Amino acid sequence: MVHALLVLAAEKAEPSKTAFYVCGGVLAAWAVVLGFIGLRSPEFPGSERGARGVMAISAVLVVAAMAATV
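Fair warning: this is a prediction, and the values are worked out from it, not measured in the lab.

A.B. asks: Would you take a moment to explain the overall build of the chain for this structure?
C.D. replies: Helix and strand content of the chain: 3 helices and 0 strands. Here the C-alpha atoms of the chain give a radius of gyration of 19 Å, more than 25% beyond the 11 Å that 2.2 N^0.38 yields for 70 residues. Within the chain, buried positions represent 7% of all 70 residues. Carbon and sulfur atoms form 73% of the exposed surface of the chain, whose accessible area is close to 5700 Å². Side-chain charges in the chain split into 5 positive and 4 negative, and the spacing between the mean points of these groups amounts to 5 Å.

A.B. asks: Could you clarify how one ought to interpret the pattern of salt bridges in this entry?
C.D. replies: Should their charged atoms come close, side chains of opposite charge can pair. Counted according to the given criterion, the structure contains 1 salt bridge. With a closest N to O distance of 2.6 Å, E48 and R52 form a salt bridge. Of this pair, E48 and R52 both sit in helix α3 (residues 48-69), 4 residues apart, which is roughly one turn of the helix. Given the relative accessible area of 55%, E48 is considered exposed. Of the residues examined, R52 reaches a relative accessible area of 53% and is grouped as exposed.

A.B. asks: Is there a simple way to think about the packing of aromatic side chains in this case?
C.D. replies: Given two aromatic rings, their pairing is described by the distance between the two centres and the angle made by the two planes. For the coordinates displayed, the defined rule picks out 1 aromatic pair. Pairing F20 with Y21 gives two aromatic rings, centres 6.0 Å apart and planes at 50°, and the pair type is tilted.

A.B. asks: For this particular structure, what's the right way to read the packing of helix α2 (residues 18-40) against α3?
C.D. replies: To describe two helices that pack against each other, one gives the angle between their axes and the distance between the axes. Taken N-terminus to C-terminus, the directions of α2 and α3 make an angle of 155°; their axes are 8 Å apart at the nearest point. One element, α2, and the other, α3, form an angle in the roughly antiparallel class. Relative to α3, the crossing made by α2 is left-handed. Along its contact with α2, which presents A19, F20, C23, G24, V26, L27, W30 and L34, the element α3 presents V54, I57, S58, L61, V62, A64, A65, A68 and T69. Across the contact of α2 with α3, the residue classes tally to 14 nonpolar, 3 polar and no charged.

What counts and how
Residues numbered from 1 in each chain as written. Predicted model: local features only at pLDDT ≥ 70, side-chain atom pairs only at ≥ 80, totals over all residues. Heavy atoms only, no water. Helix = DSSP H or I, 4+ residues; strand = E, 2+ residues; numbered from the N terminus. Rg over C-alpha atoms; globule rule 2.2 N^0.38 Å. Buried < 20%, exposed > 50% of the residue type's maximum accessible area, 1.4 Å probe, protein only. Areas by Shrake-Rupley, 256 points an atom, 1.4 Å probe, with all protein chains shown as cover. Lys, Arg positive; Asp, Glu negative; His and termini not counted. Charge placed at Lys NZ, Arg CZ, Asp CG, Glu CD. Salt bridge = Lys/Arg side-chain N within 4 Å of Asp/Glu carboxyl O. Phe/Tyr/Trp six-rings, centres within 6.5 Å; stacked < 30°, edge-to-face > 60°. Axes fitted to C-alpha atoms, helices over the stretch in contact; angles between N-to-C directions. Parallel < 35°, antiparallel > 145°, perpendicular 65-115°, else oblique. Left-handed = near helix turned anticlockwise from the far one by under 90°. Contact = heavy atoms within 4.5 Å. Nonpolar A, V, L, I, M, F, W, Y, C, P; charged D, E, K, R; others polar.

As structure tokens, this is what we get:
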């Protein structure tokens, strides 16, 4: 009985990692897409505004993945 309670308590104490897996997967997919587009198009992202947009999206995805780990 005590063993069952300890196992149940250990399962409840561990937080869910689903959010991190989702955010990390989206961040990894974003990196692959950026790499693919960057290798195929020498003028990517094309303008300063586009570069700032790519950096902003990347920063948001990194912060989301970091927040999901906590």
